[in-house]
Amino acid sequence: MTRKIIIDTDPGIDDAVAIAIALYAKELDVQLITTVAGNVGLENVTTNALKLLKFLNKKVPVAKGAKKPLLKTAMSVESVHGKTGMEGYDFPEPDTSLLMNINAVEAMHQVIQSNKEITLVCIGPLTNIALLINSYPDDLKKVKEIVIMGGAIGRGNSGVYSEYNFHFDPESAKIVMDFPVSKVICPLEIGKEALIYPEISEKIKNLNPTGDMFYSLFKRYRGGSFSTGLKMYDSTAIAYLLAPEIYQLSSEYVAIETKGEFTQGASLIDINKKMGKEENATVAIDVNADEFRKWFVSAVEKCKVG
Ligand code: BDR
Ligand code: CA
């Protein structure tokens, strides 16, 4: 049986890779892509999603979401993904016919209402999901699971203790984490562990045109380094859906810091049970990195543009 998913994303080079893998996985049925400001601004990330779909020749509706975090000022990481957010490859013009004329929250609401069970895969800041919870809390009863790339068990990549997606919009991350719905977290450590080494990049370059496009993006991507290993953070959420056996999963209480002077957006993943709270998420606390790399190569092999 295929699993119906909505991908909420801020492409983003690692987002683009995750989206492509999901679109070609026969176990997944991508019903909708929603965009959110994150790696770069909303216009760029939306254009990037539409360009990617054109390249992949896939017709999935795209709905634009939040331009900024709930309370904080937006940040951006051009240094990691390039000025447009998806630099390093000369993409075709975006397929604008796929852009819906309703916003991300309304589009998610429609898809959730017309499907029995849907999984939300969130690989950007959680602003759209927090807004969905605010507008349509009952929709979450129909959501099977929310799979999130975000947070860190230890130190962060944006703040000292904050991972980028949660640091960008801590209030939204808190709203989602505190909401009673099934959640899975693939934190920063998984992407750091399951590095994509140059020999893997070389291998995928020769698999098919999608692999070749990824290779060009990888040369520009600064999530890690091409020569010592790239971090495919957002693909770790897709790997949870397609190959969960590569993870060690643990039920944990996860709190989000929104008030700390230096720690906003930090995720307190209470592995040592210090907080005395009931678990609210399943967390990938370890990964078999070699198996992840094997899975990654075989997933890219399936991305044959038709
Ligand atoms: C996350 O932040 C973004 O830069 C990546 O796309 C990923 O979603 C990693 O911290
Ligand atoms: Ca992302």
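Residues numbered from 1 in each chain as written. Chains lettered and ligands numbered in written order. Predicted model: local features only at pLDDT ≥ 70, side-chain atom pairs only at ≥ 80, totals over all residues. Heavy atoms only, no water.

Along the backbone of the protein there are 12 helices and 12 strands. Taking 306 residues into account, the globule formula puts the C-alpha radius of gyration at 19 Å, and the protein, at 18 Å, falls close to it. Across its three principal axes, the protein shows a C-alpha extent of roughly 50 × 40 × 40 Å. Sorting the 306 residues of the protein into buried and exposed places 57% on the buried side. Of the contacts made within the protein by residues no fewer than 6 positions apart, 81% connect residues no fewer than 24 positions apart. (Helix = DSSP H or I, 4+ residues; strand = E, 2+ residues; numbered from the N terminus. Rg over C-alpha atoms; globule rule 2.2 N^0.38 Å. Buried < 20%, exposed > 50% of the residue type's maximum accessible area, 1.4 Å probe, protein only. Contact = heavy atoms within 4.5 Å.)

Looking now at the packing of aromatic side chains. If you walk through the whole model with that rule in mind, you get 9 aromatic pairs. A ring pair is formed by Phe-55 and Tyr-89, whose centres lie 5.6 Å apart and whose planes are at 90 degrees; its orientation type is edge-to-face. In this pair, Phe-55 is assigned in helix α2 (residues 42-56) and Tyr-89 in the loop between α3 (78-81) and α4 (104-113), connecting sequence segments 34 residues apart. Relative accessible area serves as the criterion here: at 26%, Tyr-89 is assigned to the partly exposed category. For the ring pair Trp-295 and Phe-296, a centre distance of 6.5 Å and an interplane angle of 55 degrees mean the geometry is tilted. When sorted by exposure, Trp-295 lands in the same class as Phe-296, which is buried. An aromatic cluster is built from Phe-55, Tyr-89 and Phe-91, whose rings are joined through pairwise contacts. The ring of Tyr-24 has Lys-58 lying over it, and the distance from NZ or CZ to the ring centre is 4.4 Å. Sitting above the plane of the Phe-226 ring, Lys-219 keeps its charged end 4.3 Å from the centroid. (Phe/Tyr/Trp six-rings, centres within 6.5 Å; stacked < 30°, edge-to-face > 60°. Lys NZ or Arg CZ within 6 Å of the ring centre and 35° of its normal.)

At this site the calcium ion (ligand 2) is bound by Asp-10 (OD), Asp-15 (OD), Asp-15 (OD), Ile-123 (O) and Asp-234 (OD), with donor distances of 2.2 to 2.6 Å. Spacing between the donor residues of the calcium ion (ligand 2) along their common chain follows D-x4-D-x107-I-x110-D. Here Asp-234 lies in helix α11 (residues 233-242) and Asp-15 lies in helix α1 (residues 13-24), a separation of 219 residues in the sequence. Each member of the pair, Asp-15 as well as Asp-234, carries the same accessibility label: buried. (Donors = N, O, S within 2.8 Å, 3.2 Å for Na, K, Ca; no water.)

With that settled, consider the site of ligand 1. Asp-14, Asn-39, Asn-157, Glu-163 and Asp-234 are the nearest of the 13 residues found near ligand 1. Between Asp-14 and ligand 1, the recorded distance is 2.6 Å, taken from a side-chain N or O atom to an oxygen atom. Between ligand 1 and Asn-157 there is a distance of 2.9 Å, counted from an oxygen atom to a side-chain nitrogen or oxygen. Among the elements of the structure, α1, α6 (164-168) and α11 are those that each provide at least two residues to the shell around ligand 1. Looking at the shell around ligand 1 residue by residue, the class counts come to 5 nonpolar, 4 polar and 4 charged. (Near = heavy atom within 4 Å. Polar contact = N/O pair within 3.5 Å; in protein donor to acceptor, adjacent residues only side chain to side chain. Nonpolar A, V, L, I, M, F, W, Y, C, P; charged D, E, K, R; others polar.)

Attention now goes to the nonpolar core. Ile-21, Phe-218, Tyr-247, Phe-292, Trp-295 and Phe-296 are the most contacted members of the largest nonpolar core, which has 67 residues in total. Of all the elements, α1 adds the most residues to this core, at 10 residues. With residues up to four places along the chain from it excluded, the contact list for Phe-296 reads Val-17, Ile-21, Ile-196, Ile-200, Ile-204, Phe-218, Met-232 and Ser-235. Ranked by size, the runner-up nonpolar core spans 31 residues in total, among them Leu-32, Leu-132, Phe-166 and Ala-173. (Core = buried A, V, L, I, M, F, W, Y, C linked by side-chain atoms within 4.5 Å.)

Let us now look at the environment of Glu-193. Take Glu-193: it is sitting in helix α8 (residues 188-193). Glu-193 gets classed as partly exposed once you look at its relative accessible area, which sits at 45%. Between the C-alpha atoms of Glu-193 and Met-232, which are 39 residues apart in sequence, the distance is 9.9 Å. When neighbours within four sequence positions are excluded, Glu-193 is seen to be in contact with Val-287, Ala-289 and Arg-293.

With that settled, consider the pairing of strand β1 (residues 3-9). Among the 7 residues in β1, 6 count as buried, and that is most of the element. By the bridge criterion, 7 bridges tie β1 to strand β2 (residues 28-35) in an arrangement that is parallel. When the bridges of β2 are listed, Arg-3 appears paired with Leu-28. Regarding the hand of the β-α-β motif, the stretch spanning β1, α1 and β2 is right-handed. For β1 and strand β4 (residues 118-122), the ladder comprises 4 bridges, and the chain directions are parallel. Bridging from a neighbouring strand, Ile-7 pairs with Val-121 of β4. (Pairing = 2+ DSSP bridges. Right-handed = clockwise from strand over helix to strand, strands pointing away.)

Here 8 strands make up an open sheet; going across it, the order is β3-β2-β1-β4-β5-β6-β12-β9 and the pairing mixed. Two strands lie at the open edges of the sheet, namely β3 (62-64) and β9 (247-252), each paired on one side alone. Sheet twist, expressed as the mean angle between neighbouring strand axes with direction ignored, is 25 degrees. Bridge count between strand β5 (residues 143-149) and strand β6 (residues 183-186): 4 bridges; the pairing is parallel. When the bridges of β6 are listed, Ile-146 appears paired with Lys-183. In this fold α4 packs onto β1, β2, β3, β4 and β5, with an angle of close to 160 degrees to the strand it touches most, β2. (Axes fitted to C-alpha atoms, helices over the stretch in contact; angles between N-to-C directions.)

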